[in-house]
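Summary of structural features
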Amino acid sequence: MVLDNLKTFVALMERYGLDAYIVTDSDPHSSEYTAGHWKARSWLSGFTGSNGTLVVMQGEAALWTDGRYYIQAERQLAGSGITLMRGGEPGVPDCYEWVAGKLGAGAGQGGGSAPKKVGVNGRTFSCAAYDELKKALRQGSGDAGGVEIIVDFDIAGEVWTEGRPSMPDGRIFCHDLRYTGKAAQDKVSEVRAELARRGASHTIICGLEDVAWLFNIRGSDIENLPVAYAYAFIAPDYAELFTDTAKIDDEVKKTLAGQGVRVADAVDIAARLSGLEAGDSISCDARKLSKWLRRRIPDAVRVIYADEPTVLLKAIKNDAEIRGHRDCQLQDGAAMVRFMMWVEREIGAGADIGERDAALALSRFRAQGKDSRGDSFNAIVGYGPNGAMMHYTPGKDGGARIKNAGLMVVDSGGQYPSGTTDVTRTIVCGVLTDEERFDFTLTLKSHIALASARILYGATGGHIDSIARKVMWDHGMDYKCGTGHGIGCYLSVHEGPQSISMRSATGARLEENMIVSIEPGVYREGKHGVRTENLARLTEDCVNEFGRFMRFEILSFCPIGLAGVDASMLDAGEREWLNSYHRDVYEKISPLLDTGEREWLANATREI
C-alpha cells in the first residue's frame, strides 16, 4: 500500500512540475501531537513515530527521525523503498541539506534550464521551517534563485482520499478557576504587558496548548491532549478566539464574553490578519505560524518574531497549579501501585499477558481515579528488547509476551483537571542478568544525581543535563535523547520552553515553579531498556553571597523496583536518597490504598 501511494504521489508531483516534496505530520499550528486528519507523513510512509520528515523525489524517498525512533523506523519502513536517515548521527545531513544537495547540481544554471522546485503544504509548513529550507537551498545550489519553494499544493491531501480521518469536532468547555488559578482576562492583561515590552500592538497565538491556557478552555480534538483547534488574536482593545464555533455552546460563549473574549469562526483568522494596517505591529512565533497565514499579513505591518507571549507565563506555575499537580500525582501514584501489583501477580501466576494487555490494564487502573480524564499519552510498554525503543508502543498483535525474567519499561501518564502526569518505571519481571541489574542501578544513580542536585539560578536545561549524563559517561555509555522536559497542567505532557537536554544549552533559563521530568536511561538494542522518570518542581534552595540556588521538589510518588538495584553500586548518599524517597512514597500513597495494597507497598518501599 505504501508503494502504491508513493507512486500516485510522485505522479502528482510530475503534473505540478515538482522535483521534490517534503511531507510532515504537522497541522496548521505546528503541534507536536496532531489529530489523525493531519498525519500525512505517517499515512504515506507507514512510519508512525511522533518525529519524522519524509522527502519524496523522482525515483527515491528518504525519512528522517531522531534516536528515539531508529529501531521502530527500521521495522516500519522495511520493504517500503524509503531510506531511513538517522537524524543527528555523524555524517548524516538534515533533510533540507539533503534536498539541497540532490537538487543543487545544475540548479539555476544557464542554458535555459528551468529552476528546480520543492513543494510543501504552506498551510502546515511554519515560517521558521520555510526560512530554514530556503537557506539550505540557497547554500546548496550556490545560487539564490536556483531552487524555488512552492507552497500552493497539498499533494498528500489530494492522494489521501480514502480512509482519511475527518477534522475533529469535539466540544469546547471551560476549565475551572480553582485549577487555573487565574482568570482569562488577567492572563490577557499579562500578554498585553509582554507585547508592550516587545513593542508590538497585536499578536496571533497559534499553539493549541497556549490558546487553551490563555482563555481557560479545554477540548478533545487530539487524542490524550485536551485542546481544541483554535487561534487566539490579541489586540490592544479586544481578545478573540477563532475556532469552529459549532464546538462552543451558549454557556461557554457567555463565560468567555464575561472575560472579554470574542468568538469567531476559524476561517476568519486570515481576514483578521489581512485587516491589519500600517502602524500596527504583530508578534508572531515563526515556529508556529504557517507560511500561508504569514502571507496574509500586509507588508506595511511590522512583524516581530518571538516566542508566543504565553509560553513562559504558562511554564511558570501559579500556586493553584502547583497544588493541583501535587494532588494529581498522588492519584496517579496509587494507580501505578495497583498496576505494579497486578503485573507481579499475573507473572507470578504464570498468566499469558502481553505488552498491550499491560498497557490496557494500566489505563483501567488510572481510569478508576476519582478525577481521571484519561491518559496523557499512549503508554510505552516495552518488554525485553522492545524496551530499547524509547517511544515503542505495542502493536495490534498485542506485542511481546511478558515472561518471568528480564525488564519491562512502562512510561505512561494521566490527565486530571488539576494537572498532567508522566512517570516511567522499569519493572523487574523476574531473574535478571548481571548486565540488566547494572544498567538498572546505573540509571537510578543517574536519576539521583540530578534529582538531588543544587543548581545555580540562571542555568538552562543544557547546563544541568550533564549532571545526569556524567554517571553514564564515566562508564562509556550514553542515551540518545534528552534528560527531561516541561509538562503542562491538564494540557500537554511535553511543554516548553524549559528542557533538560544537550541541545538546549542556549535555551530557556530554569525558573522557580517550572515543572520538569528527570528521566535518564540505558537502551541496548536487541537486549533491553531501562528508564526511571519522576516529575519535579524547581524551587528556591538558598541565597548567599555566591548567588541564588535552586533545587528539585519531587512530585511523582511511585516505588522504584528494588529487585533491580545492586546496592553495592550505591554510595551512602544515594542509599539515603532512595530510602527517603521510598518513605515519602509510602507516607503519601498508602492512605489511598486498601489493606492488601498497603502491605504490598510497604514491602516495595522497604529500606535497603
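Keep in mind it's a predicted model, so treat the numbers as computed, not measured.

This part takes up the overall build of the protein chain. If you tally the helices and strands in the protein chain, you get 19 helices and 27 strands. In terms of C-alpha radius of gyration, the protein chain reaches 25 Å, essentially the compact-globule figure of 25 Å for 608 residues. Summarising its shape, the C-alpha atoms of the protein chain cover approximately 75 × 55 × 55 Å along the three principal directions. Out of the 608 residues belonging to the protein chain, those deemed buried represent 57%. Across the protein chain, the fraction of contacts at a sequence separation of at least 24, relative to all contacts at a separation of at least 6, is 68%. Split by element, the accessible area of the protein chain, about 24,600 Å² in all, is 48% carbon and sulfur. The average position of the 69 basic charges and that of the 84 acidic charges among the side chains of the protein chain differ by 1 Å.

All chains considered together, the criterion is met by 37 salt bridges. Between E240 and R272 there is a salt bridge, with the nearest N and O atoms lying 2.9 Å from each other. Pair noted here: E240 is in strand β11 (residues 239-243) and R272 is in helix α11 (residues 269-274), with a separation of 32 residues, a long-range link. Under the relative-accessibility criterion, E240 is labelled buried at 4%. What makes R272 partly exposed here is its relative accessible area of 26%. Residue R531 is joined to E519 by a salt bridge in which the shortest nitrogen-to-oxygen separation is 3.9 Å. Of this pair, R531 sits in strand β25 (residues 528-531) while E519 sits in the loop between β23 (515-518) and β24 (521-524), and the two are 12 residues apart along the sequence.

Tracing the chain through its elements places D422 in the loop between β18 (419-420) and β19 (423-428). Of the buried charged residues, D422 lacks a salt bridge, with R531 as the closest side chain of opposite charge at 7.1 Å. Within the structure, the side chain of D422 is placed 3.1 Å from the side chain of H485, a separation counted as a polar contact. When near neighbours in sequence (up to four residues on either side) are disregarded, D422 contacts F377, D411, S412, G413, H485, I487, V493, E519, E533, L535 and S556.

One open sheet holds the 3 strands; their spatial order is β15-β16-β19, and the pairing between them is antiparallel. Only two strands of the sheet have a single neighbouring strand rather than two, namely β15 (380-383) and β19. On average, adjacent strands in this sheet sit at an angle of 10 degrees to one another, irrespective of strand direction. Where strand β16 (residues 407-412) and β19 come together, 6 bridges link them in antiparallel fashion. The partner of D411 across the bridge, within β19, is T424. Along the sheet face, helix α15 (residues 355-367) touches β15, β16 and β19 and points at about 145 degrees away from the line of β15.

We now examine the sheet that holds strand β2 (residues 53-57). In a beta sheet, neighbouring strands pair by backbone hydrogen bonds and run either parallel or antiparallel. Ordered by their spatial adjacency, 6 strands build an open sheet running β4-β3-β2-β1-β5-β6, and the pairing between neighbours is mixed. Looking at strand neighbours, the two that pair on one side only are β4 (82-86) and β6 (147-150), the edges of this open sheet. The average undirected angle you get between the axes of adjacent strands in this sheet is 20 degrees. Sheet topology places strand β1 (residues 20-23) next to β2; 4 bridges connect them, and they run antiparallel. Looking at β2, one finds that V23 is bridged to L54. Of the strands in this sheet, β1, β2 and β4 touch helix α1 (residues 2-15), which is tilted by about 60 degrees from β2. Contacting β1, β2, β3 (60-65), β4, β5 (116-119) and β6, helix α4 (residues 95-104) runs over the sheet at an angle of about 10 degrees to β2.

Cut-offs used in this document
- Residues numbered from 1 in each chain as written.
- Predicted model: local features only at pLDDT ≥ 70, side-chain atom pairs only at ≥ 80, totals over all residues.
- Heavy atoms only, no water.
- Helix = DSSP H or I, 4+ residues; strand = E, 2+ residues; numbered from the N terminus.
- Rg over C-alpha atoms; globule rule 2.2 N^0.38 Å.
- Buried < 20%, exposed > 50% of the residue type's maximum accessible area, 1.4 Å probe, protein only.
- Contact = heavy atoms within 4.5 Å.
- Areas by Shrake-Rupley, 256 points an atom, 1.4 Å probe, with all protein chains shown as cover.
- Lys, Arg positive; Asp, Glu negative; His and termini not counted.
- Charge placed at Lys NZ, Arg CZ, Asp CG, Glu CD.
- Salt bridge = Lys/Arg side-chain N within 4 Å of Asp/Glu carboxyl O.
- Polar contact = N/O pair within 3.5 Å; in protein donor to acceptor, adjacent residues only side chain to side chain.
- Pairing = 2+ DSSP bridges.
- Axes fitted to C-alpha atoms, helices over the stretch in contact; angles between N-to-C directions.

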